[in-house]
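Summary of structural features
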Amino acid sequence: MTDVTDGVLHTLFHSDQGGHEQVVLCQDRASGLKAVIAIHSTALGPALGGTRFYPYATEEEAVADALNLARGMSYKNAMAGLDHGGGKAVIIGDPEKIKSEQLLLAYGRFVASLGGRYVTACDVGTYVADMDVVARECRWTTGRSPENGGAGDSSVLTAFGVYQGMRASAQHLWGDPTLRAKRVGIAGVGKVGHHLVEHLVAEGAEVFVTDVREEAVRRITERHRNVLAVKDTDELIRIDGLDVYAPCALGGALNDDTVPVLTAKVVCGAANNQLAHPGVEKDLADRGILYAPDYVVNAGGVIQVADELHGFDFERCKAKAAMIYDTTLAIFAGAKTDGIPPAAAADRIAEQRMAEAAAARGW
């Protein structure tokens, strides 16, 4: 057994980052499916979280990501006030090469086998059309198309929630929620990032973007001539006078290499698990950088897919996502009072809600 595997098992059974209730390894050789479903907690209700389809370098890396993402969903759902625990699934492989109807149906059968303990949705590499296929084998599927009884693309409300988190950050730091004339750098302008650009441009922010996919950047700059593209994230985080940095791609964006050179005064983005390891939140605070906890501000999408289970109403969801502004402000206020980073303040609130729910169930 490799050292990496040892690390995954230690995370699962022994570390503060673990405590997961269940991890399922799934394989369907006929379709090429290899997947991991991680359920972190069902204290608040059935675990809810998306399906990530990604070409991980190793199976061990995929398991580790599923564990981290599932744990993050427990905290996200708790802070969003949802009656759902946290779960996440990852499908291993390049979706551009191996995604097929047969594979998605096989995946749906695995999710269905859990009997409703895990409710799935879209994530990186999966889309509404994919959830429509998965739903043919599994009724515990959200993020489906309106034609198939779903709510459609959840990235619209995800971006709206991140925008509310930015407004709260501006209010806390500068005494005014407006982002007009603020310099905002967005890393990743895909499903969520390009909607976030629209909010910021409409308010009059000075927006900089980067993405590993040239076509994603081109879509933005052709639509908005005043949005500036930079070569990569390394250049983006060093922009002179940057006010807000929004990581909107994969996790781990805030790490020992990026935090020391980050010029922004605020970090508020849509990516999950932005803190590469425990302690990064303190490094940000020590540099005077205000961090809006990712799982708080990016909860708009999960608010939408949770609502889908009960009969989707967009305006109801948008009103709930707008409350991310107030929640973020409350976290900043609590962090200041307790003398701790905002990430720690958010964790305390989420953990208290999960603990109270578990106690009420006699767990």
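Refer to the structure above for everything that follows.
Predicted model only: the values in this text are computed from it and were never measured.

Each helix and strand counted, the chain has 15 helices and 12 strands in total. Over its C-alpha trace the chain gives a radius of gyration of 19 Å, about what one expects of a compact globule, namely 21 Å for 363 residues. Its C-alpha atoms give the chain principal-axis dimensions of about 50 × 50 × 45 Å. The burial tally for the chain puts 55% of its 363 residues in the buried class. In the chain, once contacts between residues fewer than 6 apart in sequence are set aside, the share between residues at least 24 apart is 66%. Of the roughly 15,500 Å² that the chain leaves accessible, carbon and sulfur atoms contribute 51%. The average position of the 35 basic charges and that of the 47 acidic charges among the side chains of the chain differ by 3 Å.

Before going further, it helps to spend a moment on the sheet that holds strand β8 (residues 206–210). Spatially, six strands are ordered β9-β8-β7-β10-β11-β12 in an open sheet, and the strand pairing comes out parallel. Looking at the sheet topology across the chains shown, the edges are occupied by β9 (228–229) and β12 (290–291). In this sheet, β9 lies alongside β8 in parallel orientation, the contact comprising two bridges. Counted as the bridge partner of F208 is L228 from β9.

If you walk through the whole model with that rule in mind, you get 18 salt bridges. One salt bridge in this structure joins E101 and R136, with 2.8 Å as the shortest N-O distance. One end of the pair, E101, is in helix α4 (residues 101–112); the other, R136, is in the loop between α5 (128–134) and α6 (155–174), with 35 residues separating them in the sequence. Judged by its relative accessible area of 52%, R136 falls in the exposed class. Residues joined by salt bridges that share partners form a network here, namely R52, D65, K88 and D123.

Most of strand β2 (residues 33–41) is tucked away: eight of the nine residues are buried. Bridging between strand β1 (residues 22–28) and β2 involves seven bridges; their strand directions are antiparallel. Residue pairing for β2: L25 is matched across the bridge by V36. Across six bridges, β2 lies against strand β5 (residues 85–92) in antiparallel orientation. Counted as the bridge partner of I39 is G87 from β5.

Turning next to empty space enclosed by the protein. Here the structure, examined in full by the defined rule, presents one cavity of 30 Å³ or more. By volume, the largest cavity amounts to about 30 Å³. Lining the largest cavity are G72, M73, K76, N272, N273, D294 and Y295. In terms of residues, the lining of the largest cavity owes the most to one element, helix α2 (residues 59–79), which gives three residues.

A separate point is the side chain of T141. Relative to the helices and strands, T141 resides in the loop between α5 and α6. At 2.8 Å, the side chain of T141 forms a polar contact with the backbone oxygen of C138. Excluding anything up to four places from it in sequence, T141 contacts T120, M131, V134, A135 and E308.

Below, the discussion takes up the pairing of strand β4 (residues 51–54). Bridge analysis of β4 against β5 gives four bridges, and the strand direction is parallel. Paired with F53 across the strands is I91, a residue of β5. Regarding topology, α2 serves as the crossover connection from β4 to the parallel β5, and that connection is right-handed.

Let us look at the nonpolar core. Judged by nonpolar contacts, the single largest core of 69 residues is most densely connected at Y107, M166, I186, L196 and L200. Beyond its immediate sequence surroundings of up to four residues, L196 is in contact with A159, V162, Y163, M166, I186, A246 and C248. Core analysis: the next-biggest nonpolar cluster, separate from the first, contains 19 residues, F208, I237, A253 and Y291 among them.

Taken as a whole and assessed by the stated rule, the structure comprises three aromatic pairs. Summarising the aromatic geometry, the rings of Y54 and Y56 are spaced 5.1 Å apart at their centres and angled 70 degrees between planes, so their arrangement reads as edge-to-face. A relative accessible area of 29% means that Y54 is categorised as partly exposed. Its relative accessible area of 9% is what places Y56 among the buried residues.

The description of two packed helices rests on the angle between their axes and on the distance between the axes. With their axes 9 Å apart at the nearest point, α6 and helix α13 (residues 314–322) run at an angle of 30 degrees to one another. In terms of orientation, α6 lies roughly parallel with respect to α13. For the element pair α6 and α13, the recorded crossing hand is right-handed. Here L157, F160, G161 and Q164 of α6 come into contact with α13, specifically with F314, C317, K318, A321 and A322.

Cut-offs and rules
Residues numbered from 1 in each chain as written. Predicted model: local features only at pLDDT ≥ 70, side-chain atom pairs only at ≥ 80, totals over all residues. Heavy atoms only, no water. Helix = DSSP H or I, 4+ residues; strand = E, 2+ residues; numbered from the N terminus. Rg over C-alpha atoms; globule rule 2.2 N^0.38 Å. Buried < 20%, exposed > 50% of the residue type's maximum accessible area, 1.4 Å probe, protein only. Contact = heavy atoms within 4.5 Å. Areas by Shrake-Rupley, 256 points an atom, 1.4 Å probe, with all protein chains shown as cover. Lys, Arg positive; Asp, Glu negative; His and termini not counted. Charge placed at Lys NZ, Arg CZ, Asp CG, Glu CD. Pairing = 2+ DSSP bridges. Salt bridge = Lys/Arg side-chain N within 4 Å of Asp/Glu carboxyl O. 1 Å grid on protein atoms, 1.4 Å probe; cavity = no way out; pocket = protein on both sides within 12 Å on 5 of 7 lines; lining within 4 Å. Points joined across faces, edges and corners; volume = space filled by probe spheres on them. Polar contact = N/O pair within 3.5 Å; in protein donor to acceptor, adjacent residues only side chain to side chain. Right-handed = clockwise from strand over helix to strand, strands pointing away. Core = buried A, V, L, I, M, F, W, Y, C linked by side-chain atoms within 4.5 Å. Phe/Tyr/Trp six-rings, centres within 6.5 Å; stacked < 30°, edge-to-face > 60°. Axes fitted to C-alpha atoms, helices over the stretch in contact; angles between N-to-C directions. Parallel < 35°, antiparallel > 145°, perpendicular 65-115°, else oblique. Left-handed = near helix turned anticlockwise from the far one by under 90°.

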